[in-house]
Amino acid sequence: MNARACLFSFSPDFHAHRSHKASPDCPLPKKRLFRFRFQERTCVFRLSARHAGELTGLARREIGKVYAKVKSESVKFREGLDDVVLGGDDLEVDVPWWEQFPKRWVIVILCFSAFLLCNMDRVNMSIAILPMSAEFNWSPTTVGLIQSSFFWGYLLTQIAGGIWADTVGGKLVLGFGVVWWSVATVLTPIAAKIGLPFLLVVRAFMGIGEGVAMPAMNNILSKWVPVAERSRSLALVYSGMYLGSVTGLAFSPWLIHSFGWPSVFFSFGSLGTVWFATWISKAQSSPLEDPELLPKEKKLIVSNFVSKQPVKTIPWRLILSKPPVWALIGCHFCHNWGTFILLTWMPTYYNQVLKFNLTESGLFCVLPWLTMAFSANLGGWIADTLVSKGVSVTTVRKIMQTIGFLGPAFFLTQLSHVNSPAMAVLCMACSQGTDAFSQSGLYSNHQDIAPRYSVFPLFKHQQMQLQMPIPMGVLLGLSNTAGVLAGVFGTATTGYILQHGSWDDVFKVSVGLYLVGTVVWNLFSTGEKILD
(Lines give C-alpha, C1' and ligand atoms only; values in the text may rest on other atoms or scores of the structure.)
Protein backbone atom coordinates (compact mmCIF):
# COMPACT_ATOMS: atom_id res chain seq x y z
CA MET A 1 0.00 0.00 0.00
CA ASN A 2 1.43 3.39 -1.06
CA ALA A 3 1.07 6.74 0.69
CA ARG A 4 1.77 10.10 -0.94
CA ALA A 5 3.97 12.44 1.02
CA CYS A 6 4.68 16.10 0.33
CA LEU A 7 8.29 16.98 1.13
CA PHE A 8 9.46 20.59 1.40
CA SER A 9 13.05 21.59 0.74
CA PHE A 10 14.58 24.92 1.61
CA SER A 11 17.38 26.91 0.05
CA PRO A 12 20.88 26.29 1.41
CA ASP A 13 21.11 29.77 2.86
CA PHE A 14 17.97 29.36 4.96
CA HIS A 15 19.90 29.55 8.24
CA ALA A 16 22.94 31.32 6.84
CA HIS A 17 21.45 34.72 6.19
CA ARG A 18 19.17 36.67 8.51
CA SER A 19 18.98 39.77 6.33
CA HIS A 20 16.08 38.54 4.24
CA LYS A 21 12.96 40.64 4.38
CA ALA A 22 9.50 39.32 3.88
CA SER A 23 8.25 40.17 0.43
CA PRO A 24 4.95 42.08 0.26
CA ASP A 25 3.24 39.32 -1.60
CA CYS A 26 4.45 36.54 0.64
CA PRO A 27 4.69 37.46 4.32
CA LEU A 28 5.83 34.54 6.45
CA PRO A 29 4.97 33.87 10.09
CA LYS A 30 7.42 32.72 12.70
CA LYS A 31 5.98 29.21 12.49
CA ARG A 32 5.08 27.16 9.46
CA LEU A 33 2.73 24.16 9.46
CA PHE A 34 3.18 21.37 6.94
CA ARG A 35 0.46 18.75 6.45
CA PHE A 36 0.30 15.45 4.67
CA ARG A 37 -2.13 12.55 4.89
CA PHE A 38 -1.05 9.06 5.82
CA GLN A 39 -3.51 6.18 6.11
CA GLU A 40 -6.45 8.53 6.58
CA ARG A 41 -4.69 10.60 9.23
CA THR A 42 -3.53 14.14 8.70
CA CYS A 43 -0.21 14.80 10.40
CA VAL A 44 0.85 18.38 11.07
CA PHE A 45 4.50 19.34 11.46
CA ARG A 46 5.26 22.68 13.07
CA LEU A 47 8.55 24.36 12.07
CA SER A 48 9.65 26.96 14.59
CA ALA A 49 12.45 29.49 14.11
CA ARG A 50 15.06 30.04 16.79
CA HIS A 51 15.14 33.70 15.76
CA ALA A 52 12.47 35.73 14.06
CA GLY A 53 14.84 36.70 11.24
CA GLU A 54 15.43 33.12 10.22
CA LEU A 55 12.03 32.90 8.57
CA THR A 56 11.42 36.47 7.55
CA GLY A 57 12.22 37.27 3.98
CA LEU A 58 12.00 33.68 2.77
CA ALA A 59 10.34 34.26 -0.57
CA ARG A 60 7.97 31.92 -2.24
CA ARG A 61 10.54 31.21 -4.92
CA GLU A 62 12.92 29.85 -2.31
CA ILE A 63 10.54 27.00 -1.44
CA GLY A 64 10.36 24.06 -3.76
CA LYS A 65 7.86 21.19 -3.55
CA VAL A 66 8.99 17.66 -4.18
CA TYR A 67 6.47 14.84 -4.34
CA ALA A 68 7.52 11.26 -3.71
CA LYS A 69 5.93 7.88 -3.38
CA VAL A 70 6.55 6.37 0.06
CA LYS A 71 5.96 2.69 0.53
CA SER A 72 4.51 1.95 3.96
CA GLU A 73 6.12 -1.49 3.92
CA SER A 74 9.61 -0.04 3.93
CA VAL A 75 9.07 2.91 6.25
CA LYS A 76 8.07 2.31 9.86
CA PHE A 77 6.26 5.59 10.00
CA ARG A 78 4.35 5.30 13.25
CA GLU A 79 7.33 4.10 15.27
CA GLY A 80 9.30 7.07 14.06
CA LEU A 81 6.52 9.47 14.92
CA ASP A 82 6.22 8.07 18.41
CA ASP A 83 9.92 8.66 19.01
CA VAL A 84 9.67 12.23 17.74
CA VAL A 85 6.61 13.06 19.77
CA LEU A 86 7.88 11.60 22.98
CA GLY A 87 10.99 13.66 22.55
CA GLY A 88 9.21 16.97 22.06
CA ASP A 89 6.10 18.81 21.04
CA ASP A 90 6.89 19.12 17.35
CA LEU A 91 4.04 16.97 16.08
CA GLU A 92 0.30 17.29 16.26
CA VAL A 93 -2.09 14.68 14.96
CA ASP A 94 -5.33 15.86 13.47
CA VAL A 95 -7.85 13.11 14.25
CA PRO A 96 -11.65 12.98 14.62
CA TRP A 97 -13.03 13.95 18.02
CA TRP A 98 -14.12 10.43 18.88
CA GLU A 99 -10.56 9.22 18.40
CA GLN A 100 -9.33 11.93 20.74
CA PHE A 101 -11.37 10.46 23.61
CA PRO A 102 -8.76 9.34 26.19
CA LYS A 103 -7.79 5.76 25.47
CA ARG A 104 -7.23 5.05 29.14
CA TRP A 105 -10.92 5.73 29.72
CA VAL A 106 -11.83 3.44 26.82
CA ILE A 107 -9.96 0.74 28.73
CA VAL A 108 -11.78 1.68 31.93
CA ILE A 109 -15.18 1.54 30.16
CA LEU A 110 -14.39 -1.85 28.64
CA CYS A 111 -13.40 -3.16 32.08
CA PHE A 112 -16.62 -1.64 33.42
CA SER A 113 -18.66 -3.52 30.79
CA ALA A 114 -16.80 -6.76 31.55
CA PHE A 115 -17.75 -6.46 35.21
CA LEU A 116 -21.31 -5.62 34.20
CA LEU A 117 -21.48 -8.93 32.27
CA CYS A 118 -19.73 -10.65 35.18
CA ASN A 119 -22.50 -9.88 37.63
CA MET A 120 -25.30 -10.30 35.07
CA ASP A 121 -24.14 -13.89 34.58
CA ARG A 122 -23.70 -14.36 38.32
CA VAL A 123 -26.98 -13.00 39.70
CA ASN A 124 -29.22 -14.67 37.13
CA MET A 125 -28.93 -17.83 39.21
CA SER A 126 -30.24 -16.01 42.31
CA ILE A 127 -33.50 -15.39 40.40
CA ALA A 128 -33.61 -18.61 38.37
CA ILE A 129 -32.97 -20.68 41.49
CA LEU A 130 -36.54 -20.01 42.64
CA PRO A 131 -38.30 -21.83 39.74
CA MET A 132 -35.40 -24.30 39.48
CA SER A 133 -35.69 -25.36 43.13
CA ALA A 134 -39.42 -25.82 42.68
CA GLU A 135 -38.92 -27.90 39.52
CA PHE A 136 -36.14 -30.09 40.93
CA ASN A 137 -37.40 -30.10 44.56
CA TRP A 138 -34.22 -28.74 46.13
CA SER A 139 -33.97 -28.02 49.88
CA PRO A 140 -32.46 -24.77 51.26
CA THR A 141 -29.25 -26.64 52.05
CA THR A 142 -29.03 -27.88 48.45
CA VAL A 143 -29.73 -24.37 47.16
CA GLY A 144 -26.92 -23.06 49.36
CA LEU A 145 -24.60 -25.75 47.99
CA ILE A 146 -25.43 -24.78 44.40
CA GLN A 147 -24.92 -21.10 45.13
CA SER A 148 -21.58 -21.76 46.81
CA SER A 149 -20.30 -24.05 44.02
CA PHE A 150 -19.59 -20.96 41.92
CA PHE A 151 -17.05 -19.88 44.52
CA TRP A 152 -15.21 -23.21 44.37
CA GLY A 153 -13.86 -22.35 40.95
CA TYR A 154 -13.65 -18.66 41.76
CA LEU A 155 -11.29 -19.52 44.62
CA LEU A 156 -8.90 -21.48 42.41
CA THR A 157 -8.02 -18.62 40.08
CA GLN A 158 -7.53 -15.67 42.44
CA ILE A 159 -3.79 -15.96 42.95
CA ALA A 160 -3.28 -17.80 39.65
CA GLY A 161 -5.11 -15.05 37.80
CA GLY A 162 -2.89 -12.38 39.32
CA ILE A 163 0.30 -14.27 38.44
CA TRP A 164 -0.95 -14.95 34.92
CA ALA A 165 -1.88 -11.30 34.38
CA ASP A 166 1.54 -10.16 35.60
CA THR A 167 3.19 -12.64 33.23
CA VAL A 168 1.29 -12.55 29.92
CA GLY A 169 -0.68 -9.31 30.32
CA GLY A 170 -4.14 -8.40 31.51
CA LYS A 171 -5.67 -8.23 28.01
CA LEU A 172 -5.35 -11.95 27.34
CA VAL A 173 -6.32 -12.97 30.86
CA LEU A 174 -9.46 -10.84 31.05
CA GLY A 175 -10.48 -11.86 27.53
CA PHE A 176 -10.07 -15.53 28.45
CA GLY A 177 -12.11 -15.07 31.61
CA VAL A 178 -15.09 -13.49 29.84
CA VAL A 179 -15.19 -16.19 27.15
CA TRP A 180 -14.82 -18.98 29.71
CA TRP A 181 -17.59 -17.83 32.04
CA SER A 182 -19.90 -17.01 29.11
CA VAL A 183 -19.62 -20.57 27.80
CA ALA A 184 -20.24 -21.94 31.30
CA THR A 185 -23.32 -19.71 31.64
CA VAL A 186 -24.79 -21.11 28.41
CA LEU A 187 -24.13 -24.68 29.59
CA THR A 188 -25.84 -24.18 32.98
CA PRO A 189 -29.42 -25.19 31.94
CA ILE A 190 -28.11 -28.27 30.14
CA ALA A 191 -26.13 -29.36 33.19
CA ALA A 192 -29.08 -28.78 35.53
CA LYS A 193 -31.30 -31.10 33.48
CA ILE A 194 -28.63 -33.81 33.42
CA GLY A 195 -28.16 -33.83 37.18
CA LEU A 196 -27.03 -31.96 40.29
CA PRO A 197 -23.35 -33.06 40.12
CA PHE A 198 -23.05 -31.73 36.57
CA LEU A 199 -24.62 -28.44 37.61
CA LEU A 200 -22.14 -28.06 40.46
CA VAL A 201 -19.22 -28.68 38.08
CA VAL A 202 -20.46 -26.16 35.51
CA ARG A 203 -21.02 -23.51 38.17
CA ALA A 204 -17.49 -24.14 39.48
CA PHE A 205 -16.20 -23.79 35.92
CA MET A 206 -18.00 -20.47 35.65
CA GLY A 207 -16.25 -19.36 38.83
CA ILE A 208 -12.88 -20.19 37.26
CA GLY A 209 -13.57 -17.68 34.48
CA GLU A 210 -14.86 -14.92 36.73
CA GLY A 211 -12.05 -15.48 39.22
CA VAL A 212 -9.39 -14.05 36.91
CA ALA A 213 -11.41 -10.90 36.12
CA MET A 214 -10.52 -8.84 39.17
CA PRO A 215 -6.75 -9.49 39.23
CA ALA A 216 -6.53 -8.96 35.45
CA MET A 217 -8.52 -5.72 35.62
CA ASN A 218 -6.37 -4.32 38.40
CA ASN A 219 -3.24 -5.30 36.50
CA ILE A 220 -4.43 -3.39 33.42
CA LEU A 221 -5.57 -0.28 35.30
CA SER A 222 -2.31 -0.13 37.27
CA LYS A 223 -0.58 0.48 33.92
CA TRP A 224 -3.17 2.66 32.21
CA VAL A 225 -4.58 4.93 34.93
CA PRO A 226 -2.56 7.69 36.67
CA VAL A 227 -2.64 7.77 40.47
CA ALA A 228 -4.75 10.95 40.52
CA GLU A 229 -7.56 9.12 38.66
CA ARG A 230 -7.26 5.80 40.47
CA SER A 231 -10.19 6.00 42.89
CA ARG A 232 -12.58 7.26 40.23
CA SER A 233 -11.58 4.64 37.68
CA LEU A 234 -11.83 1.77 40.17
CA ALA A 235 -15.15 3.07 41.44
CA LEU A 236 -16.50 3.20 37.89
CA VAL A 237 -15.32 -0.30 37.07
CA TYR A 238 -16.71 -1.77 40.28
CA SER A 239 -19.99 0.06 39.70
CA GLY A 240 -20.26 -2.14 36.62
CA MET A 241 -20.74 -5.04 39.01
CA TYR A 242 -23.62 -3.25 40.68
CA LEU A 243 -25.24 -2.24 37.41
CA GLY A 244 -24.74 -5.80 36.20
CA SER A 245 -26.72 -6.96 39.20
CA VAL A 246 -29.38 -4.36 38.41
CA THR A 247 -29.60 -5.46 34.78
CA GLY A 248 -29.64 -9.14 35.61
CA LEU A 249 -32.24 -8.82 38.35
CA ALA A 250 -34.44 -6.56 36.23
CA PHE A 251 -34.50 -8.68 33.06
CA SER A 252 -34.34 -12.19 34.53
CA PRO A 253 -37.97 -12.31 35.77
CA TRP A 254 -39.27 -11.10 32.41
CA LEU A 255 -37.22 -13.67 30.50
CA ILE A 256 -38.32 -16.46 32.86
CA HIS A 257 -42.01 -15.59 32.49
CA SER A 258 -41.75 -15.18 28.72
CA PHE A 259 -39.38 -17.97 27.68
CA GLY A 260 -38.66 -20.10 30.76
CA TRP A 261 -35.75 -20.07 33.19
CA PRO A 262 -33.16 -21.55 30.72
CA SER A 263 -33.50 -18.45 28.52
CA VAL A 264 -31.79 -16.34 31.18
CA PHE A 265 -28.57 -18.30 30.86
CA PHE A 266 -28.66 -18.57 27.06
CA SER A 267 -29.27 -14.85 26.48
CA PHE A 268 -26.89 -13.49 29.09
CA GLY A 269 -24.09 -15.89 28.15
CA SER A 270 -24.23 -14.94 24.47
CA LEU A 271 -23.43 -11.28 25.27
CA GLY A 272 -19.86 -12.26 26.12
CA THR A 273 -19.05 -12.80 22.43
CA VAL A 274 -19.93 -9.18 21.61
CA TRP A 275 -17.74 -7.86 24.40
CA PHE A 276 -14.84 -10.13 23.44
CA ALA A 277 -14.83 -8.94 19.82
CA THR A 278 -14.62 -5.31 20.99
CA TRP A 279 -11.98 -6.07 23.60
CA ILE A 280 -9.64 -7.83 21.19
CA SER A 281 -9.79 -4.98 18.68
CA LYS A 282 -9.55 -2.03 21.09
CA ALA A 283 -7.62 -3.05 24.21
CA GLN A 284 -3.94 -3.51 24.99
CA SER A 285 -2.32 -4.69 28.21
CA SER A 286 -0.34 -1.47 28.57
CA PRO A 287 -0.11 1.92 26.83
CA LEU A 288 3.36 1.01 25.54
CA GLU A 289 1.79 -1.75 23.43
CA ASP A 290 -0.97 0.40 21.92
CA PRO A 291 -0.13 1.67 18.39
CA GLU A 292 -3.25 3.88 18.27
CA LEU A 293 -2.60 5.77 21.48
CA LEU A 294 -2.31 9.52 20.88
CA PRO A 295 1.14 10.91 21.71
CA LYS A 296 -0.13 13.44 24.24
CA GLU A 297 -1.91 10.78 26.27
CA LYS A 298 1.02 8.40 25.99
CA LYS A 299 3.30 11.05 27.47
CA LEU A 300 0.84 11.62 30.33
CA ILE A 301 0.71 7.94 31.20
CA VAL A 302 4.35 7.06 30.57
CA SER A 303 5.58 9.98 32.68
CA ASN A 304 4.03 8.27 35.74
CA PHE A 305 5.04 4.79 34.73
CA VAL A 306 8.30 3.06 35.66
CA SER A 307 8.91 -0.20 33.84
CA LYS A 308 10.73 -2.98 35.64
CA GLN A 309 11.86 -6.46 34.71
CA PRO A 310 9.16 -9.18 34.81
CA VAL A 311 8.65 -10.87 38.16
CA LYS A 312 10.50 -14.18 38.31
CA THR A 313 9.95 -15.11 41.96
CA ILE A 314 7.43 -13.85 44.48
CA PRO A 315 8.68 -13.07 48.02
CA TRP A 316 5.78 -14.63 49.87
CA ARG A 317 7.48 -14.44 53.27
CA LEU A 318 8.06 -10.71 52.86
CA ILE A 319 4.49 -10.06 51.75
CA LEU A 320 2.94 -12.11 54.54
CA SER A 321 5.13 -10.49 57.18
CA LYS A 322 3.37 -7.13 56.80
CA PRO A 323 0.45 -6.41 59.20
CA PRO A 324 -1.36 -4.17 56.65
CA VAL A 325 -1.42 -7.12 54.23
CA TRP A 326 -3.12 -9.28 56.85
CA ALA A 327 -5.51 -6.44 57.66
CA LEU A 328 -6.40 -6.31 53.97
CA ILE A 329 -6.91 -10.08 53.83
CA GLY A 330 -9.02 -10.26 56.98
CA CYS A 331 -11.17 -7.26 56.12
CA HIS A 332 -11.75 -8.57 52.62
CA PHE A 333 -13.18 -11.72 54.23
CA CYS A 334 -15.39 -9.73 56.61
CA HIS A 335 -16.67 -7.48 53.84
CA ASN A 336 -17.41 -10.22 51.31
CA TRP A 337 -19.30 -12.40 53.76
CA GLY A 338 -22.14 -9.89 53.91
CA THR A 339 -21.86 -8.82 50.27
CA PHE A 340 -22.02 -12.33 48.79
CA ILE A 341 -24.90 -13.34 51.03
CA LEU A 342 -26.94 -10.40 49.81
CA LEU A 343 -25.86 -11.01 46.22
CA THR A 344 -27.03 -14.62 46.18
CA TRP A 345 -29.85 -14.72 48.74
CA MET A 346 -31.58 -11.34 48.50
CA PRO A 347 -34.29 -12.48 45.98
CA THR A 348 -35.03 -15.47 48.21
CA TYR A 349 -35.36 -13.15 51.23
CA TYR A 350 -37.82 -10.95 49.35
CA ASN A 351 -39.78 -13.97 48.21
CA GLN A 352 -39.92 -15.86 51.50
CA VAL A 353 -39.99 -13.06 54.10
CA LEU A 354 -41.54 -10.10 52.28
CA LYS A 355 -43.83 -12.35 50.19
CA PHE A 356 -42.93 -10.77 46.86
CA ASN A 357 -43.55 -12.81 43.72
CA LEU A 358 -40.77 -13.59 41.25
CA THR A 359 -41.11 -10.36 39.27
CA GLU A 360 -41.39 -8.20 42.38
CA SER A 361 -38.41 -9.92 43.97
CA GLY A 362 -36.27 -9.16 40.95
CA LEU A 363 -37.41 -5.56 40.60
CA PHE A 364 -37.09 -4.68 44.29
CA CYS A 365 -33.60 -6.22 44.31
CA VAL A 366 -32.62 -3.60 41.74
CA LEU A 367 -32.85 -0.67 44.18
CA PRO A 368 -29.98 -1.72 46.49
CA TRP A 369 -27.66 -2.31 43.53
CA LEU A 370 -28.57 1.02 41.94
CA THR A 371 -27.74 2.64 45.26
CA MET A 372 -24.39 0.85 45.30
CA ALA A 373 -23.55 2.03 41.77
CA PHE A 374 -24.23 5.64 42.77
CA SER A 375 -22.46 5.39 46.12
CA ALA A 376 -19.36 3.75 44.67
CA ASN A 377 -18.77 6.67 42.30
CA LEU A 378 -19.67 9.20 45.01
CA GLY A 379 -17.18 7.57 47.35
CA GLY A 380 -14.50 7.61 44.66
CA TRP A 381 -15.04 11.31 44.03
CA ILE A 382 -14.94 12.09 47.77
CA ALA A 383 -11.77 10.04 48.24
CA ASP A 384 -9.94 11.71 45.35
CA THR A 385 -11.07 15.14 46.54
CA LEU A 386 -9.80 14.52 50.07
CA VAL A 387 -6.43 13.31 48.78
CA SER A 388 -6.12 16.32 46.48
CA LYS A 389 -6.74 18.62 49.45
CA GLY A 390 -3.86 17.12 51.38
CA VAL A 391 -5.58 14.49 53.53
CA SER A 392 -3.32 11.45 53.86
CA VAL A 393 -4.18 8.37 51.84
CA THR A 394 -4.19 6.32 55.04
CA THR A 395 -6.84 8.55 56.63
CA VAL A 396 -8.96 8.52 53.47
CA ARG A 397 -8.87 4.72 53.18
CA LYS A 398 -9.81 4.32 56.85
CA ILE A 399 -12.72 6.75 56.57
CA MET A 400 -14.11 5.14 53.44
CA GLN A 401 -13.83 1.59 54.75
CA THR A 402 -15.28 2.48 58.16
CA ILE A 403 -18.37 3.76 56.36
CA GLY A 404 -18.33 0.58 54.28
CA PHE A 405 -18.43 -1.55 57.43
CA LEU A 406 -20.54 0.34 59.98
CA GLY A 407 -23.17 1.47 57.48
CA PRO A 408 -24.26 -2.06 56.48
CA ALA A 409 -23.96 -3.25 60.08
CA PHE A 410 -26.39 -0.58 61.28
CA PHE A 411 -29.01 -1.05 58.57
CA LEU A 412 -28.99 -4.85 58.74
CA THR A 413 -29.76 -4.66 62.47
CA GLN A 414 -32.84 -2.59 61.61
CA LEU A 415 -34.36 -5.31 59.41
CA SER A 416 -35.61 -7.23 62.44
CA HIS A 417 -37.45 -4.10 63.70
CA VAL A 418 -39.28 -2.98 60.55
CA ASN A 419 -42.82 -4.09 59.83
CA SER A 420 -43.41 -3.05 56.23
CA PRO A 421 -41.83 -4.43 53.03
CA ALA A 422 -41.09 -0.88 51.89
CA MET A 423 -38.98 -0.14 54.97
CA ALA A 424 -37.20 -3.47 54.60
CA VAL A 425 -36.28 -2.65 51.01
CA LEU A 426 -35.11 0.81 52.12
CA CYS A 427 -32.89 -0.66 54.83
CA MET A 428 -31.44 -3.11 52.32
CA ALA A 429 -30.75 -0.28 49.86
CA CYS A 430 -29.04 1.84 52.53
CA SER A 431 -27.00 -1.15 53.66
CA GLN A 432 -25.73 -1.80 50.14
CA GLY A 433 -25.23 1.90 49.44
CA THR A 434 -22.90 2.41 52.39
CA ASP A 435 -21.20 -0.89 51.59
CA ALA A 436 -20.10 0.58 48.24
CA PHE A 437 -17.77 3.04 49.99
CA SER A 438 -15.47 0.03 50.37
CA GLN A 439 -14.43 0.52 46.73
CA SER A 440 -12.49 3.59 47.88
CA GLY A 441 -11.33 1.78 51.00
CA LEU A 442 -9.93 -1.74 50.96
CA TYR A 443 -10.46 -2.27 47.21
CA SER A 444 -8.20 0.69 46.40
CA ASN A 445 -5.64 -0.21 49.04
CA HIS A 446 -3.83 -2.89 47.02
CA GLN A 447 -2.37 -0.30 44.67
CA ASP A 448 -1.51 1.95 47.62
CA ILE A 449 0.67 -0.52 49.45
CA ALA A 450 2.16 -2.45 46.47
CA PRO A 451 2.18 -0.65 43.10
CA ARG A 452 2.80 -3.04 40.24
CA TYR A 453 6.04 -1.57 38.96
CA SER A 454 7.58 -0.43 42.21
CA VAL A 455 10.48 -2.14 43.95
CA PHE A 456 11.13 -3.01 47.55
CA PRO A 457 14.45 -3.87 49.21
CA LEU A 458 14.35 -7.48 50.31
CA PHE A 459 17.58 -7.45 52.25
CA LYS A 460 21.03 -5.90 52.33
CA HIS A 461 24.16 -7.96 52.10
CA GLN A 462 27.66 -6.49 52.03
CA GLN A 463 26.22 -3.05 51.34
CA MET A 464 24.42 -4.35 48.23
CA GLN A 465 20.69 -3.90 48.03
CA LEU A 466 18.60 -6.55 46.29
CA GLN A 467 15.39 -5.25 44.78
CA MET A 468 12.41 -7.01 43.31
CA PRO A 469 9.11 -5.76 41.89
CA ILE A 470 6.04 -6.85 43.84
CA PRO A 471 3.12 -7.71 41.53
CA MET A 472 0.02 -5.87 42.66
CA GLY A 473 -2.13 -8.42 40.77
CA VAL A 474 -0.77 -11.16 43.03
CA LEU A 475 -1.54 -9.14 46.16
CA LEU A 476 -5.12 -8.62 45.02
CA GLY A 477 -5.40 -12.30 44.21
CA LEU A 478 -4.19 -13.11 47.71
CA SER A 479 -6.71 -10.89 49.49
CA ASN A 480 -9.51 -11.77 47.11
CA THR A 481 -8.92 -15.43 47.88
CA ALA A 482 -9.92 -14.66 51.46
CA GLY A 483 -12.93 -12.78 50.13
CA VAL A 484 -13.96 -15.77 48.03
CA LEU A 485 -13.65 -18.07 51.03
CA ALA A 486 -16.28 -15.86 52.62
CA GLY A 487 -18.48 -16.58 49.61
CA VAL A 488 -17.86 -20.33 49.82
CA PHE A 489 -18.62 -20.63 53.53
CA GLY A 490 -21.08 -17.75 53.85
CA THR A 491 -23.39 -18.83 51.04
CA ALA A 492 -23.45 -22.47 52.11
CA THR A 493 -23.77 -21.57 55.81
CA THR A 494 -26.75 -19.32 55.05
CA GLY A 495 -28.61 -22.27 53.52
CA TYR A 496 -27.87 -24.36 56.60
CA ILE A 497 -28.94 -21.56 58.98
CA LEU A 498 -32.21 -21.03 57.11
CA GLN A 499 -33.03 -24.72 57.32
CA HIS A 500 -32.46 -24.70 61.10
CA GLY A 501 -32.91 -21.06 62.12
CA SER A 502 -34.10 -17.70 60.76
CA TRP A 503 -33.03 -14.73 58.67
CA ASP A 504 -32.25 -12.79 61.86
CA ASP A 505 -29.52 -15.32 62.59
CA VAL A 506 -28.11 -14.83 59.09
CA PHE A 507 -27.90 -11.06 59.55
CA LYS A 508 -26.36 -11.31 63.03
CA VAL A 509 -23.37 -13.21 61.66
CA SER A 510 -22.81 -10.56 58.97
CA VAL A 511 -23.06 -7.70 61.47
CA GLY A 512 -20.56 -9.38 63.78
CA LEU A 513 -18.03 -9.71 60.97
CA TYR A 514 -18.56 -6.08 59.91
CA LEU A 515 -17.71 -4.93 63.44
CA VAL A 516 -14.60 -7.10 63.63
CA GLY A 517 -13.48 -5.75 60.26
CA THR A 518 -13.90 -2.16 61.44
CA VAL A 519 -11.59 -2.68 64.40
CA VAL A 520 -8.93 -4.56 62.43
CA TRP A 521 -8.93 -2.05 59.57
CA ASN A 522 -8.51 1.01 61.78
CA LEU A 523 -5.75 -0.61 63.82
CA PHE A 524 -3.53 -2.10 61.12
CA SER A 525 -4.30 -0.71 57.66
CA THR A 526 -2.24 1.95 55.90
CA GLY A 527 -2.29 3.92 52.67
CA GLU A 528 1.50 4.11 52.46
CA LYS A 529 3.71 1.95 50.27
CA ILE A 530 4.93 -0.93 52.40
CA LEU A 531 6.13 -3.15 49.54
CA ASP A 532 7.83 -0.38 47.60
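Since we're looking at a predicted model, the values are computed, not measured.

1. Remarks on the nonpolar core
It is characteristic of soluble globular proteins that their nonpolar side chains tend to be buried jointly. If you look at the biggest cluster of nonpolar residues, it comprises 119 residues, and the most contacted ones within it are M132, L174, L221, Y349 and Y350. At 18 residues, helix α2 (residues 103–136) tops the list of elements feeding residues into this core. Beyond its immediate chain neighbours, meaning those up to four positions away, M132 contacts M125, N137, W138, A192, L199, W261 and F265.

2. With respect to unusual backbone geometry
Its identity as a non-glycine residue notwithstanding, N137 has a phi of 60 degrees, on the positive side. Note that N137 resides in the loop between α2 and α3 (140–156). Positive phi, close to 60 degrees, is recorded for K355, a residue that is not glycine. Within the fold, K355 resides in the loop between α12 (323–352) and α13 (358–388).

3. Some thoughts on the packing of aromatic side chains
Within this structure, the stated rule accounts for 22 aromatic pairs. Ring geometry for F176 versus W180: centroids 5.4 Å apart, planes at 45 degrees, classification tilted. In this pair, F176 and W180 both sit in helix α5 (residues 170–194), four residues apart, roughly one turn of the helix. Since its relative accessible area comes to 29%, F176 is described here as partly exposed. The class for W180 is partly exposed, based on a relative accessible area of 32%. Ring centres of W275 and W279 lie 5.0 Å apart, and the angle between their planes is 15 degrees; on these two criteria the pair is classed as stacked. With W275 and W279 both in helix α9 (residues 262–282) and four residues apart, the pair spans about one turn of that helix. Exposure class is identical for W275 and W279. Each is buried. Through a chain of ring-to-ring contacts, the aromatic side chains of W345, Y349, Y350, F356, F364, W503 and F507 assemble into a single cluster. The ring centre of Y154 lies 5.2 Å from the NZ or CZ of R122, which sits over that ring.

About the criteria used
Once a new chain begins, its residue numbering starts again from 1 and follows that chain's sequence as written. Residues qualify for local features only when their pLDDT is at least 70, as the model is predicted, and side-chain atom pairs are given and counted only at 80 or more; totals for whole chains, interfaces and linings, by contrast, use all residues. Side-chain calculation: all heavy atoms of the structure are included, whereas hydrogens and water are not. In plain words, nonpolar cores are sets of buried Ala, Val, Leu, Ile, Met, Phe, Trp, Tyr and Cys residues tied together by side-chain atoms within 4.5 Å. Partly exposed residues are those whose accessible area sits between 20% and 50% of the maximum for their type, while under 20% is buried and over 50% is exposed, using a 1.4 Å probe and protein chains only. The helix and strand labels rest on DSSP assignments: H or I over at least four residues marks a helix, E over at least two residues marks a strand, and numbering proceeds from the N terminus. Working rule for contacts: check all heavy atoms of both residues, and any pair within 4.5 Å makes them a contact. Here the aromatic set is Phe, Tyr and Trp, taking the six-membered ring for Trp, and pairing holds for ring centres within 6.5 Å; pairs whose planes are under 30 degrees apart are stacked, those over 60 apart are edge-to-face, and all others are tilted. Lysine NZ or arginine CZ positioned within 6 Å of the ring centre and within 35 degrees of the ring normal marks a charge as sitting over the ring.

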